[in-house]
Amino acid sequence: VAAVPLSLDGSQFGFKLDLITPLPNTLKVTWKLDGNVIGNNVDTITINGADLSVTNHILVATVIDTSLLSKADDHISIHTYNTQWNISRLTGISDPQLFRANLQVFPNPAVRDIIVKYELEKKANVSVEFLTVEGRRISRYEQKGQLPGRYTYTLDAGKMRISPGTYFVVFAINGSRLTKEVIKIE
């Protein structure tokens, strides 16, 4: 994934991902401006600068390779790439920041502890949420400006008296989210 901001006439900001697409194309692309989806499955997007407030804005492009040909259990997390730009009407567009988090959630199914491991290539804002299927938050871990490195977050499901069932672990890095399903058994 290579990311290139396109310079337009000053009132329009154009962004392009240089993707090498497999055949058949198994890449899924999501564009988010300030956390709101503004495009799906396109490699180019244009933002009208006149629609932006004077504050800073964050544009994130997430590319996930959904190929079923990989045998790795953590294929989706290993092959998820995020590119982020900071946009300002006053200062323009920052250089793109490409980041990836090698995310693992295990064991699954879980009896007691649920472990979330991730690795950051660049400094990032990170959160890990544990949710019921109804969307009720059971636990939240948040770290702003976390430095590059390997991290582990452990949820003690036994201590928190989490009953058997299906749950979701939502991992967010700089506003880009990845959700994994986890089953808790007795």
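Structure shown above.
Note that this is a predicted model, so its numbers are computed, not measured.

Chemist: Explain the packing of aromatic side chains residue by residue, including any values.
Modeler: Inspection of every chain in the model, using the stated rule, returns six aromatic pairs. Centre to centre, the rings of Tyr 118 and Phe 171 are 5.0 Å apart; their planes meet at 55 degrees, and the pair counts as tilted. Here the residue Tyr 118 occupies a position in strand β11 (residues 113-120), and Phe 171 occupies one in strand β15 (residues 165-173), the gap between them amounting to 53 residues. Neither Tyr 118 nor Phe 171 differs from the other in exposure class; each is buried. For the pair Phe 130 and Tyr 167, a centre-to-centre distance of 5.1 Å together with 20 degrees between the ring planes defines the contact as stacked. You can see Phe 130 sitting in strand β12 (residues 124-132) and its partner Tyr 167 sitting in strand β15, a full 37 residues away along the chain. Tyr 167 matches Phe 130 in its accessibility class, with the two residues each being buried. Three or more aromatic residues link up through ring pairs in this structure, and these residues are Phe 15, Trp 31 and Trp 85.

Chemist: Can you explain empty space enclosed by the protein? Please cite residues and give values.
Modeler: Enumeration according to the criterion identifies two cavities of 30 Å³ or more in this entry. Each pocket or cavity is described by its volume, and for the largest cavity that value is around 100 Å³. Broken down by secondary-structure element, the contributors of at least two residues to the lining of the largest cavity are β6 (57-65), β7 (80-88), β15 and β16 (176-184). Per element, the largest residue contribution to the lining of the largest cavity is three residues, and it comes from β16.

Chemist: Outline the environment of Asn 125, supporting the account with residue identities and numerical values.
Modeler: Among the structural elements, Asn 125 can be located in strand β12. Looking at Asn 125, the relative accessible area reads 36%, which means it is partly exposed. Expressed as a C-alpha distance, the spacing of Asn 125 and Gly 175, which sit 50 residues apart in the sequence, is 7.8 Å.

Chemist: So, the sheet that holds β11: which residues are in play, and what are the values?
Modeler: Read from one edge to the other, the open sheet built from three strands follows the order β10-β11-β14, with strand pairing classed as antiparallel. In this open sheet, the two edge strands, each paired with only one partner strand, are β10 (104-106) and β14 (149-156). Direction aside, neighbouring strands of the sheet carry axes that sit 15 degrees apart on average. Where β10 lies against β11, three bridges are found, and the strand directions are antiparallel. Bridging across to β11, Phe 106 finds its partner in Ile 115.

Chemist: Give a description of the side chain of Lys 32 that names residues and reports values.
Modeler: Considering the arrangement of structural elements, one finds Lys 32 in strand β3 (residues 27-33). Here Lys 32 is buried and forms no salt bridge, its nearest opposite-charge partner Glu 129 lying at an N-O distance of 11 Å. If sequence neighbours within four positions are ignored, Lys 32 has contacts with Val 37, Ile 38, Ile 58, Leu 59, Val 60, Gly 175 and Arg 177.

Chemist: Describe the sheet that holds strand β13 (residues 137-146), naming the residues involved and giving the relevant values.
Modeler: Strands pair in a sheet through their backbones, by hydrogen bonds, and they do so in one of two ways: parallel or antiparallel. Spatially, the four strands line up as an open sheet ordered β13-β12-β15-β16, and their pairing is antiparallel. The open sheet terminates on both sides in strands that have one partner only, identified here as β13 and β16. In this sheet, adjacent strand axes meet at a mean angle of 15 degrees when their direction is disregarded. Bridge count between β12 and β13: seven bridges; the pairing is antiparallel. What sits directly across from Ser 127, in β13, is Glu 142.

Chemist: Kindly report on the pattern of salt bridges, identifying the contributing residues and their values.
Modeler: One pass over the structure, following the stated rule, counts eight salt bridges. Lys 144 serves as the salt-bridge partner of Glu 142, at 3.4 Å between the closest nitrogen and oxygen. Given a relative accessible area of 41%, Glu 142 falls into the partly exposed group. Relative accessible area serves as the criterion here: at 59%, Lys 144 is assigned to the exposed category. Where salt bridges share partners, they join Glu 129, Arg 137, Arg 140, Glu 142 and Lys 144 into one cluster.

Rules and cut-offs
Per chain, the residues get numbers from 1 upward, laid out in the order the sequence is written. Thresholds applied to this predicted model are a pLDDT of at least 70 for local features of residues and 80 or more for the giving and counting of side-chain atom pairs; totals over whole chains, interfaces and linings are not thresholded and use all residues. Hydrogens and water molecules were not included; the side-chain quantities draw on all heavy atoms of the structure. Stacked, edge-to-face and tilted labels apply to pairs of Phe, Tyr and Trp rings (six-membered ring for Trp) whose centres lie within 6.5 Å, assigned for plane angles under 30 degrees, over 60, and everything in between, in that order. A run of DSSP states H or I qualifies as a helix once it reaches four residues; a run of E qualifies as a strand once it reaches two. Both are numbered from the N-terminal end. For each residue, the accessible area found with a 1.4 Å probe, counting protein chains only, is set against the maximum for its type, and the residue is called buried under 20%, exposed over 50%, and partly exposed in between. Points on a 1 Å grid over protein atoms alone make up a cavity when a 1.4 Å probe fits among them but cannot get out, and a pocket when they form an open set with protein on both sides within 12 Å along at least five of seven lines; lining residues each have an atom within 4 Å of a point. Grid points are joined across faces, edges and corners, and a volume is the space filled by probe spheres set on the points. Pairing between strands requires that DSSP locate at least two bridges from one strand to the other. Here, axes are lines fitted to C-alpha atoms. For helices the fit covers the stretch in contact, and angles between N-to-C directions go from 0 to 180 degrees. For this count, His and the chain ends are skipped, Lys and Arg are scored as positive, and Asp and Glu as negative. Should a side-chain nitrogen of Lys or Arg be within 4 Å of a carboxyl oxygen of Asp or Glu, the pair is scored as a salt bridge. The criterion used for residue contact is that any of the two residues' heavy atoms lie within 4.5 Å.

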